[in-house]
Amino acid sequence: MKIVGLLSGGKDSCFNLCHCVLNGHEIVALATLAPPQGKDEIDSYMYQTVGHDAVHAIATALDVPLYRAEIRGTALNQGAVYGERDPTKECVSSLEDETEDLYRLLLRVKEKHPDIEGVSVGAILSNYQRVRVEHVCCRPDLRLASLAYLWKRDQSELLHEMNQAGMEVLMIKAAGIGLTQHDLGRPLTVLTPKLEELHRLYGAHVCGEGGEYETLCVDSPLFKRKISVDEKETVIHSDAAFASVSYLRILRTSFSDKENYGPAVVSERLKTPPLLDDTGEVFLETLRTHPCQRKQAFPLETYTTWKPTMSVSQKGPWITATEISAEDLCQADFEEEARCAFRRLHNALQEYGFNRTDITHVNVYLASQAYFAPLNQVYQHEFGAAPPSRVCVALPNASSSVRIKLDAVACRSSSTQERRSMHVQSCSYWAPACIGPYSQAVCDHGRMFMAGQIGMVPSTLEVPQDVSTQLALSLQNQHRVSAIRSEWSRYGWSEGGLCWLSPPNNMDLASCMNALWQYPSPMLFVHLPPESLPKKALCEWQLTERTCDDETEPCTKTASFVSHGVSCTFRVCASESLSSGAAIITPTRRDHENSELASDLAHLLCGAIHLKLIHDAQHQPDAALALLQKVTTQRLPPITLIPALHWHMPGIQSSHDPSSSCALVWL
């Protein structure tokens, strides 16, 4: 696609342009924001301003038109979220915020270049910057894709890649411990050992992501001409014993022509990071050792119909609503049916004093993945900035009158329990951007909900055809999203969850997925018909994480019991008042009783906030509900009914007939 490059003059914005070209994009314009005339630098949360006097030289070296505007606003909104979270309310973004300067600049560029589809942004670690660029790009009058190929890259690895690619970068501002005015004007190829030593000693960011230093790029594989700084002036901003602040004022530059530059040189010198990291390669090796099995294809079965009945219950700060569908089941239009279901959800929450901005996670169940695109058209109007995480799967359903049902978990935030979200909409090498208007992760009151993760290539959002690669990539994507927890909480662990499986009906993924999941936390694999997941993916992980402020260890155990005519095997991960778990329940004629374990499971289920009951897709859930009643007759949390072909727990040898058994997943 044709793109505009956001240009600060530093290494990150210039190197990201190289990766944009490496990924097949064409740079047709550059855009930069600078301090008002007469000022070298201003205190901006959003933009690098030192070195702005040399940005025009980079545009000349690239031979690409530069669009420049002054930074007139200030950082009025300094929060983690930019924009209105409730779409029913008018956005209160102030026109005087510095982010709006970027919006006006990109509008100008778009008017001159209406065929532009994307924006290059050199964000590595700054959520503040990324969130605001993405918010601007997604506005209806721009609709630009954000391309942030440096996002969450290892900084030491990234700096070495820049050096090896022939990037010539000068330090033009020193503001971190161990850096002085004597480092100004020196190339990063020379300073790299010093920067790595400062990282080792003091935890300084090797790429300057903590504001330790700023740079000016004087050569890159894309530059047609190399820049020489012929005249400069050193400015001492503040003189301190340990971390003085000084910068260079660029007074005059010149150029020298180059013979080799452009996309061919970029392809020669740069490589995209490996699709699978070290952890992903371990997953891939496991899958090659335990390949998926082929089986005889079976005819499509006749499925039961959905008969959703809404259930809502509050427990402490949490509220759960399940089995929500449109009230009028004769809606001819799917989008209107979906809007009606969401209205019922929002109305149900309001009756308990909650609203849509309290929702942390939404599960959407469709009659077919053919409704995925129209669902997103409706969904984008239901939530604003920092939306809930989401999972969207198609479940077996013979009914044509009910095509969508929902369940949702909401949490009333408090001043001591801050809601956090990670909503990455940029294309990167990190993990896939969301393929709908939802967040990758939302954390509140000690629990982090995550969006479903499939085996998409992050930089292209394509699903690999190779089965082992796709499965390994899906769990790698899940691991990378799960790692967000460490940014929000010092301690925590995986609560497990479930994994949706949707292979072709001549493929059996059970054994290879069992080998892949080598963790103590609970896991249930739920088998669905082919093409039940987005992009026809083979599997989708749906996990949660627990966050805490101390080194509390969860109690994880696996147990089995026979009681009241049922045999049950369950695995639980519990700590304090929160637990998560999975269980398989089958009828039995054995008379062995273990009332203590049965009582333990009943206590866990009654203390949960949400329960999924997985039952045979060919039959109504009555038999499964009857089995559940034999486990406990106490009041249970809201239940979501999940029709499925089969289910299994890894590491649990269990032989059961789906038509007479059921499975549970709770949190």
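Notes on the structure in this doc start here. (Residues numbered from 1 in each chain as written. Predicted model: local features only at pLDDT ≥ 70, side-chain atom pairs only at ≥ 80, totals over all residues. Heavy atoms only, no water.)

This brings us to the overall build of the chain. Across its full length, the chain carries 15 helices and 29 strands. A compact globule built from 667 residues would reach a C-alpha radius of gyration of about 26 Å, and the chain, at 27 Å, matches this within 12%. Across the 667 residues of the chain, 58% fall into the buried class. Summarising the internal contacts of the chain: among those between residues at least 6 apart in sequence, 78% fall at separations of at least 24. Entry remark: accessible area of the chain is about 27,400 Å², with carbon and sulfur atoms responsible for 48%. One finds the centroid of the 59 positive side-chain charges in the chain at a distance of 2 Å from the centroid of its 77 negative side-chain charges. (Helix = DSSP H or I, 4+ residues; strand = E, 2+ residues; numbered from the N terminus. Rg over C-alpha atoms; globule rule 2.2 N^0.38 Å. Buried < 20%, exposed > 50% of the residue type's maximum accessible area, 1.4 Å probe, protein only. Contact = heavy atoms within 4.5 Å. Areas by Shrake-Rupley, 256 points an atom, 1.4 Å probe, with all protein chains shown as cover. Lys, Arg positive; Asp, Glu negative; His and termini not counted. Charge placed at Lys NZ, Arg CZ, Asp CG, Glu CD.)

A few words now on a nonpolar patch on the surface. There is a patch of nonpolar side chains on the surface, built from I177, L201 and Y202 and spanning about 290 Å² of accessible area. Note that Y202 resides in helix α6 (residues 188–202). (Patch = residues over 30% accessible without salt bridge, like charges linked within 9 Å, V, L, I, M, F, W, Y side chains within 5 Å. Salt bridge = Lys/Arg side-chain N within 4 Å of Asp/Glu carboxyl O.)

Scanning the model with the defined rule gives 10 aromatic pairs in all. Here the aromatic rings of Y149 and Y429 are separated by 5.2 Å at their centres, their planes lie at 40°, and the arrangement is tilted. One end of the pair, Y149, is in the loop between β5 (145–147) and α5 (155–164); the other, Y429, is in the loop between β16 (420–422) and β17 (441–444), with 280 residues separating them in the sequence. Of the two residues, Y149 and Y429, both sit in the buried class. With a centroid separation of 5.5 Å and 80° between ring planes, the pair formed by F342 and Y379 is classed as edge-to-face. Taken together, the residues span a long stretch of sequence, with F342 in helix α9 (residues 334–351) and Y379 in helix α10 (residues 372–379) at a distance of 37 residues. Assigned by exposure class, F342 and Y379 land together as buried. Linked through ring pairs, W517, Y519, F525 and W541 together constitute an aromatic cluster. In this arrangement the basic side chain of R139 is found over the ring face of Y103, its NZ or CZ atom lying 4.6 Å from the centre. (Phe/Tyr/Trp six-rings, centres within 6.5 Å; stacked < 30°, edge-to-face > 60°. Lys NZ or Arg CZ within 6 Å of the ring centre and 35° of its normal.)

Residue position: R571 is located in strand β24 (residues 566–575). Of the side chains with opposite charge, E495 comes closest to the buried, unpaired R571, at an N-O distance of 15 Å. A distance of 2.7 Å separates a polar atom in the side chain of R571 from a polar atom in the side chain of T558. Looking at R571, its side chain comes within polar contact range of the main-chain oxygen of P650, at 3.3 Å. Ignoring any residue separated from it by four or fewer positions in sequence, one finds R571 in contact with P520, S521, P522, K557, T558, S580, G581, A582, M649, P650, I652 and W666. (Polar contact = N/O pair within 3.5 Å; in protein donor to acceptor, adjacent residues only side chain to side chain.)

Let's shift gears to a negative patch on the surface. Together, D549, D550, E551 and E553 make up a region of like negative charge exposed at the surface. Locating E553 in the fold gives a position in the loop between β22 (539–548) and β23 (555–563).

Bringing the state of the cysteines into the picture now. For the structure on display, the rule yields zero disulfides. Take C606: it sits in no disulfide, and the sulfur closest to it among the cysteines is that of C568, at 13 Å. Accessibility expressed as a relative area gives 16% for C606, which makes it buried. Considering cysteine sulfurs only, C568 is the nearest to C662, which forms no disulfide, with 8.5 Å between them. (Disulfide = S-S within 2.5 Å.)

Now for the layout of surface pockets. Using a probe with the size of a water molecule, rolled over the atoms, empty space left in the structure can be pinpointed. When its volume is computed, the second largest pocket comes out at roughly 1,100 Å³. In this structure, the second largest pocket is lined by 43 residues; those nearest its centre are M46, Y47, Q48, Q129 and E214. Listed by contribution, the elements that provide at least two residues to the lining of the second largest pocket are α1 (11–22), β2 (26–34), α3 (98–112), α4 (127–137), β7 (213–219) and β9 (245–257). Of the residues assigned to the lining of the second largest pocket, the class counts are 20 nonpolar, 16 polar and seven charged. (1 Å grid on protein atoms, 1.4 Å probe; cavity = no way out; pocket = protein on both sides within 12 Å on 5 of 7 lines; lining within 4 Å. Points joined across faces, edges and corners; volume = space filled by probe spheres on them. Nonpolar A, V, L, I, M, F, W, Y, C, P; charged D, E, K, R; others polar.)

Next up on the list: the sheet that holds strand β4 (residues 118–120). Read from one edge to the other, the open sheet built from five strands follows the order β3-β2-β1-β4-β5, with strand pairing classed as parallel. With partners counted over all chains shown, the strands left at the sheet margins are β3 (66–70) and β5, one partner each. Averaged over neighbouring strand pairs, the angle between their axes works out to 25° when direction is ignored. (Pairing = 2+ DSSP bridges. Axes fitted to C-alpha atoms, helices over the stretch in contact; angles between N-to-C directions.)

That's the geometry; what it means functionally is another story.
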